[in-house]
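Descriptive analysis of the structure
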Amino acid sequence: MWNLENKIVIVAGGRGLIGKEIVKELKNAGVTVIDADISCETDYDKDTFKLNLLDNTSIEELIKFTLEKYGRIDGMINSAYPHTKDWGKYHFEDDPYEHWAENINMQLNSVFYLDQQIAKVMVEQKSGSIVNFGSIYGIVGNDFTIYEDYGGTSPVEYCAVKGGIINFTRYLASYLGKDNVRVNCVCPGGIWDHQREEFVRNYNHRCPMKRMGNPDDIAPLCVFLVSEGAKYITGQIIAADGGWTAI
Ligand SMILES: NC(=O)c1ccc[n+]([C@@H]2O[C@H](COP(=O)([O-])OP(=O)(O)OC[C@H]3O[C@@H](n4cnc5c(N)ncnc54)[C@H](O)[C@@H]3O)[C@@H](O)[C@H]2O)c1
């Protein structure tokens, strides 16, 4: 049912917390994966590409790299997460305008150019699946009580970026549907990654399934969305969040 044999799928951000699991599960399913990340070395034989999403030429070169070797792109999953070094430092009232502008540029504008260039290839092929990454905080507002015990916060740019990616996904799905190019958005809940104990306790208490997510709660959804099993699914915003956005 999930025919993935012979598929060529690019994973942008393939070396990240979630990206690594996506690459692993795609390969297990028989997919040829182009592992593209700023921390990769470009290696034609190993299908790895040093991608800088903030450099449009690098995006163009990734596409050229893939087409020269395989002649098509069946799927593109973007789990990259570029952000400034001081990400997470500011509460709303202290957030410098430059920090806002730079992160919107890094996190949202890079999604535009990558999706636009990939879509051109897929429109020509008359097939393809694009998977964008949102978050629970693109769907609902933040629950700030989970940060109260230690004075942390979630950066304001995040909700704007993720909300933007979500409706950009719907726009693309509507625009590209006639060309059999599907575009969906995966929205994870918080993924456990050695966060502070107070945060994890509060998060688990608020979450209906009483735990944070793991990369293997997210990756199978991405695999499904690039498979033939999802061939009539487009424009969907799918949360894998233990029920966070249900309440
Ligand atoms: N981890 C979570 O709790 C969580 C929750 C909700 C949504 N998400 C979303 O899931 C996605 C993946 O998150 P993650 O936790 O795996 O992130 P991560 O930081 O672990 O990984 C992101 C990857 O992107 C790569 N990257 C950064 N800048 C880049 C650039 N300029 N060009 C190319 N690659 C670049 C990094 O090298 C890294 O491998 C993000 O969109 C994030 O917002 C994550």
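Residues numbered from 1 in each chain as written. Predicted model: local features only at pLDDT ≥ 70, side-chain atom pairs only at ≥ 80, totals over all residues. Heavy atoms only, no water.

Quick notes on the environment of Asn142
Structurally, Asn142 is set in the loop between α4 (136–139) and α5 (156–176). Its relative accessible area of 21% is what places Asn142 among the partly exposed residues. Placed 17 residues apart in sequence, Asn142 and Cys159 show a C-alpha to C-alpha distance of 8.2 Å. Here Asn142 is in contact with Tyr137, Tyr147, Ser154 and Cys159, once residues within four sequence places are set aside. Among the polar contacts listed, one links the side chain of Asn142 to the side chain of Ser154, at a separation of 3.0 Å. (Helix = DSSP H or I, 4+ residues; strand = E, 2+ residues; numbered from the N terminus. Buried < 20%, exposed > 50% of the residue type's maximum accessible area, 1.4 Å probe, protein only. Contact = heavy atoms within 4.5 Å. Polar contact = N/O pair within 3.5 Å; in protein donor to acceptor, adjacent residues only side chain to side chain.)

Thoughts on the side chain of Thr169
For Thr169, the position within the fold is in helix α5. Once residues within four sequence positions are removed from consideration, Thr169 is found in contact with Asn132, Val183, Asn184, Cys185 and Ile237.

Re the packing of aromatic side chains
Tallied over the entire structure, the rule returns 13 aromatic pairs. Seen in terms of ring centroids, Trp2 and Phe224 are 5.0 Å apart; in terms of plane orientation they differ by 45°. Their pairing is tilted. With a gap of 222 residues between them, Trp2 in the segment before β1 (8–12) and Phe224 in helix α7 (residues 215–225) connect regions that are remote in the sequence. Accessibility expressed as a relative area gives 36% for Trp2, which makes it partly exposed. Taking the centre distance of 4.4 Å and the plane angle of 20° together, the rings of Tyr203 and Trp244 count as stacked. With Tyr203 in helix α6 (residues 197–206) and Trp244 in the segment after β7 (237–240), this pair connects stretches of sequence that are 41 residues apart. Site record: aromatic cluster; members linked through ring pairs are Tyr137, Phe144, Tyr147, Phe199, Tyr203 and Trp244. Between the NZ or CZ atom of Lys178 and the centre of the ring of Tyr175, over which it lies, the distance is 5.0 Å. (Phe/Tyr/Trp six-rings, centres within 6.5 Å; stacked < 30°, edge-to-face > 60°. Lys NZ or Arg CZ within 6 Å of the ring centre and 35° of its normal.)

Describing the nonpolar core
Ile10, Leu51 and Ile118 are the most contacted members of the largest nonpolar core, which totals 33 residues. Elements with a minimum of two residues in this core: β1, β2 (32–37), α2 (56–70), α3 (97–125), α5 and β6 (181–188). Counting residues per element, this core draws most heavily on α3, at eight residues. (Core = buried A, V, L, I, M, F, W, Y, C linked by side-chain atoms within 4.5 Å.)

A word on the packing of α3 against α5
For the pair α3 and α5, interaxial distance at closest approach is 10 Å and the crossing angle is 20°. The angle between α3 and α5 places the two elements in the roughly parallel class. As for how α3 packs across α5, the hand of that crossing is right-handed. Of α5, the residues touching α3 (which contributes His99, Trp100, Asn103, Ile104, Gln107, Leu108, Val111, Phe112, Asp115, Ala119 and Val123) are Val156, Glu157, Tyr158, Ala160, Val161, Gly164, Ile165, Phe168, Leu172 and Leu176. Split by residue class, the contact of α3 with α5 holds 15 nonpolar, four polar and two charged. (Axes fitted to C-alpha atoms, helices over the stretch in contact; angles between N-to-C directions. Parallel < 35°, antiparallel > 145°, perpendicular 65-115°, else oblique. Left-handed = near helix turned anticlockwise from the far one by under 90°. Nonpolar A, V, L, I, M, F, W, Y, C, P; charged D, E, K, R; others polar.)

So, the pairing of strand β4 (residues 75–78)
The alternating pattern of β4 places Gly75 and Ile77 and Met76 and Asn78 on opposite faces, both of which are buried. As judged from the three bridges shared by β4 and strand β5 (residues 128–133), these two strands associate in the parallel manner. Its bridge partner lying in β5, Ile77 is registered against Val131. (Pairing = 2+ DSSP bridges.)

Details of the site of the ligand
Close contacts around the ligand come from 24 residues, with Leu17, Asp37, Tyr158, Lys162 and Ile191 the closest. Measuring from an oxygen atom of the ligand, one finds a backbone N or O atom of Leu17 at 2.9 Å. At a separation of 2.8 Å, an oxygen atom of the ligand approaches a polar side-chain atom of Tyr158. Listed by contribution, the elements that provide at least two residues to the shell around the ligand are α1 (17–28) and α5. (Near = heavy atom within 4 Å.)

A look at the sheet that holds β1
Read across the sheet, seven strands follow the order β3-β2-β1-β4-β5-β6-β7 without closing on themselves; strand pairing throughout is parallel. At either margin of the open sheet sits one strand with a lone partner, and together these are β3 (48–50) and β7. Here the average twist between neighbouring strands, direction ignored, is 20°. For β5 and β6, the ladder comprises six bridges, and the chain directions are parallel. When the bridges of β6 are listed, Ser129 appears paired with Arg182.

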